[in-house]
Amino acid sequence: MVDRDRQSNGASIRNFGFVTVTGQEAGECWRRARRSRDVWAEVAEAAGIAVVQRGLLMIARRAEARAVLEEFIATEMGRECRLVEPNDIETYGTGLRSESFAAALYSPHEIRVESREAIPRLAAYLAERHDVTFRRETVALSAAPPRLETSRGTLEAETIVVCPGDDFHTLHAERIAAYGLTRCKLHMMRLAPQRFDERLPAIMSDLGMIRYRGYSELPAARTLARRLEAEQGEHIANGVHLIVVRSADNSLIVGDSHHYAATPDPFAPTAVDDLILDEYAHVFAAEAPPIAERWTGTYASAKDRLMLIDKPSDALRIVLITSGTGASTSFAIAEEVVADLFG
Ligand SMILES: Cc1cc2nc3c(=O)[nH]c(=O)nc-3n(C[C@H](O)[C@H](O)[C@H](O)COP(=O)(O)OP(=O)(O)OC[C@H]3O[C@@H](n4cnc5c(N)ncnc54)[C@H](O)[C@@H]3O)c2cc1C
């Protein structure tokens, strides 16, 4: 395992640690998310990674959003989920503006880990229990099995899997360029610890139903999208939707936004955070606690695919998640890549 950074510092520690099943695109992505969730559960136990939160409550603030949830529940993906009436939402925890909602969907599938702790633990587990050698602060300069040229010399490698995150230019730039990728910048915040009902699962709301393909590809989502464009045009222009997850100390991670560019700028305008917090205020009853941390993250993005596996030769694979789904699907994708390479 060769990485240019001293410790994991990319998308994998900047995300919500939210392993999302419900809402993923029907078909392969949903299947991979279910499988990855099971691998996460197994690996978390083995590596001593805490599962901090379970499940998802998808809030429908509007009747049009409820219609999307009703359609979703009738699909194969909704089979183990439940449509929750506003007066029943408190069964899942208090502190929401339940009386103003049209409904919610409860999904039992999701788990949440604290990424910034989980990923280093995962690496330590791989090193200690599975003899994986980590070459850190080492740049891979050329990957052509049986050789991997690095900034610290040449390694023998019968098989190489290149997972460059959103670096499209260092390794096999021409092959990656053929996929027409761009990068996406996201705003994230941590709200200071507060009194919080620990029964509450992860929370999302209407804006998420036009981003997450499991919902957005349903017919009712078109009507919802029209209403949201009229009422929350600025949120949509900034790619804002709401995800709120809880940490062990009852601080909340709240996000996010989506801005696309080949080289995203490093700036994080407060106006974008305000749009995220505006949606938070429509969902949570109490005023948002102070912001304890802000950060941005970036990931690879494609218009036409959620991920890609490129096969330049029998012993070489280039694997990128080209959407915000890597925490939820990459264990399954890794299994598929390894199975294809080694049988
Ligand atoms: C803010 C944010 C929120 C997200 N939310 C979610 C979510 O809710 N659910 C979900 O499923 N997914 C989410 N994601 C997406 C998910 O985090 C990513 O899909 C996933 O982490 C990508 O993993 P990766 O290993 O490809 O990239 P990274 O974690 O970025 O790692 C890539 C690594 O490759 C190294 N590298 C690249 N090129 C070289 C080279 N030539 N030599 C040496 N090292 C190199 C980099 O240094 C880096 O360490 C989110 C992402 C972000 C940024």
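See the structure shown above.
Residues numbered from 1 in each chain as written. Predicted model: local features only at pLDDT ≥ 70, side-chain atom pairs only at ≥ 80, totals over all residues. Heavy atoms only, no water.

Caption draft 1: Summary view of the sheet that holds strand 15 (residues 307–313). The 3 strands lie next to each other as 8-16-15, forming an open sheet whose pairing is mixed. If you trace the sheet from one side to the other, it starts and ends with strand 8 (160–162) and strand 15, each paired once. Ignoring which end each strand starts from, the neighbouring axes of this sheet average 20° apart. Pairing geometry for strand 15 and strand 16 (residues 316–321), over 5 bridges, is antiparallel. Residue pairing for strand 16: S313 is matched across the bridge by L316. (Pairing = 2+ DSSP bridges. Helix = DSSP H or I, 4+ residues; strand = E, 2+ residues; numbered from the N terminus. Axes fitted to C-alpha atoms, helices over the stretch in contact; angles between N-to-C directions.)

Caption draft 2: View of the site of the ligand. Inspection of the region around the ligand gives 31 residues, with D3, S12, N15, A140 and S328 positioned closest. Here A11 contributes a backbone N or O atom positioned 3.0 Å from an oxygen atom of the ligand. F18 places a main-chain nitrogen or oxygen 3.3 Å from a nitrogen atom of the ligand. Burial of the ligand by the protein amounts to 89% of the accessible area it has alone, namely 1000 Å². Within the shell around the ligand, the residues separate by chemical class into 13 nonpolar, 13 polar and 5 charged. (Near = heavy atom within 4 Å. Polar contact = N/O pair within 3.5 Å; in protein donor to acceptor, adjacent residues only side chain to side chain. Areas by Shrake-Rupley, 256 points an atom, 1.4 Å probe, with all protein chains shown as cover. Nonpolar A, V, L, I, M, F, W, Y, C, P; charged D, E, K, R; others polar.)

Caption draft 3: Region of the structure containing the pairing of strand 16. In terms of residue burial, strand 16 counts as a mostly covered element, since 5 of its 6 residues are buried. Where strand 8 and strand 16 come together, 3 bridges link them in parallel fashion. Looking at the pairing, V161 lines up with R317 of strand 16. (Buried < 20%, exposed > 50% of the residue type's maximum accessible area, 1.4 Å probe, protein only.)

Caption draft 4: A look at the environment of M209. Of note, M209 is situated in helix 6 (residues 206–209). Of the residues examined, M209 reaches a relative accessible area of 0% and is grouped as buried. In this structure the C-alpha to C-alpha distance between M209 and R31, which are 178 residues apart in sequence, comes to 19 Å.

Caption draft 5: Highlighting helix 4 (residues 115–130). Between its first and last C-alpha, helix 4 extends 21 Å over 16 residues, near the 22 Å set by a 1.5 Å rise per residue. Inspection of helix 4 places S115, A118, I119, L122, A123 and Y125 among the buried residues, and these make up the whole buried set. Along the axis of helix 4, the buried residues cluster in a sector spanning 160°; they form a single face. Residues E117 and E128 are exposed on helix 4 and point more than 90 degrees away from its buried face. Each element contacted by the buried residues of helix 4 is listed here: helix 1 (11–14), helix 2 (28–47) and helix 11 (326–342). Just downstream of helix 4, D131 is the residue with a positive phi angle, here 60°. (Expected span 1.5 Å × (residues − 1). Arc of directions from axis to C-beta. Contact = heavy atoms within 4.5 Å.)

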